[in-house]
Amino acid sequence: MAVVGEVLPSGSQELHVLAVDDSHVDRKVIEKLLKISSCKVTAVESGTRALQFLGLDGEKGSLGFNGLKVNLIMTDYSMPGMTGYELLKKIKQSSAFREIPVVIMSSENILTRIDRCLEEGAEEFLVKPVKLSDVKRLKDFIMRGETEENGGRRVHKRKFEDDSHQSSWLSSSTPSSPSSPLSPSPFTAAPLACDLATSELPASPLHSSKRAKLCNSD
């Protein structure tokens, strides 16, 4: 187990992961996988203990440390006392820690549980046993996020969605062939093939007016 309270330097490339699991065996497994992936690990056995470590328990004698950099929190879902879902909610309600990615782990693949965690702000839901490939993928993603000013998984996701919407709008506004977005449609220049030409075009006001103009030219 990592030394509690050791501060990760802001310029360090080593990720600090807070792992939470009431199972000693599972806790050791995830700790080993993280260390193999060159991550710094702090492992605790309960949600309450995790809140104490982060300083979110509201007690003066807590284990919270100002300036402690935690890059990722991985927590089991089913734990006595405080579930991983309840811990997730506490973290997302904190202005200081809400941007930290939280990954939920569970041995049960229950869709309603997965949906509830994702809606509450979990970055991912992993079904146990967690594999080394899962840990490496999460590490690579977070390392990329650390290079961005706003970092974090959801920032990248929103950016990807915005780019997709923009690309979709551009493609729908360009009269092109479905097989080649960069090639003009062979039918758009044929004034006697109104129906055939417009069947190749997405339904939009721009294309509708174009069809009317071509038909009127007849």
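Residues numbered from 1 in each chain as written. Predicted model: local features only at pLDDT ≥ 70, side-chain atom pairs only at ≥ 80, totals over all residues. Heavy atoms only, no water.

- The protein is annotated in an unreviewed UniProt entry as Two-component response regulator ARR5-like isoform X1 of Durio zibethinus.

## So, the sheet that holds strand S3 (residues 72–76)
And step 1. With parallel pairing, the five strands of this open sheet are ordered in space as S2-S1-S3-S4-S5. On the outer flanks of this sheet lie strand S2 (40–44) and strand S5 (124–127), each paired with one strand and no other. Averaged over all adjacent pairs, the angle separating strand axes in this sheet is 20°, with direction ignored.
And step 2. Those strands touched by helix H2 (residues 47–54) are strand S1 (16–20), S2 and S3, and its axis lies near 150° from that of S1. (Pairing = 2+ DSSP bridges. Helix = DSSP H or I, 4+ residues; strand = E, 2+ residues; numbered from the N terminus. Axes fitted to C-alpha atoms, helices over the stretch in contact; angles between N-to-C directions. Contact = heavy atoms within 4.5 Å.)

## Thoughts on the UniProt feature "modified residue: 4-aspartylphosphate" (unreviewed entry) in the protein
And step 1. Residues annotated in UniProt with the feature "modified residue: 4-aspartylphosphate" (unreviewed entry) correspond here to Asp 76.
And step 2. In this fold, Asp 76 is placed in strand S3.
And step 3. Once residues within four sequence positions are removed from consideration, Asp 76 is found in contact with Val 20, Asp 21, Asp 22, Gly 84, Met 105, Ser 106 and Lys 128. (UniProt positions renumbered as here; feature names shortened; annotations may be inferred.)

## Here we look at the packing of helix H3 (residues 84–92) against helix H4 (residues 111–120)
And step 1. Following both chains from N to C, one finds H3 and H4 inclined at 10°, their axes separated by 10 Å at the closest point. Put simply, H3 runs roughly parallel to H4. Contacts between H3 and H4 involve Tyr 85, Leu 88, Lys 89 and Lys 92 from the former and Arg 116, Cys 117 and Glu 120 from the latter.
And step 2. Its residues placed into classes, the contact of H3 with H4 shows three nonpolar, no polar and four charged. (Parallel < 35°, antiparallel > 145°, perpendicular 65-115°, else oblique. Nonpolar A, V, L, I, M, F, W, Y, C, P; charged D, E, K, R; others polar.)

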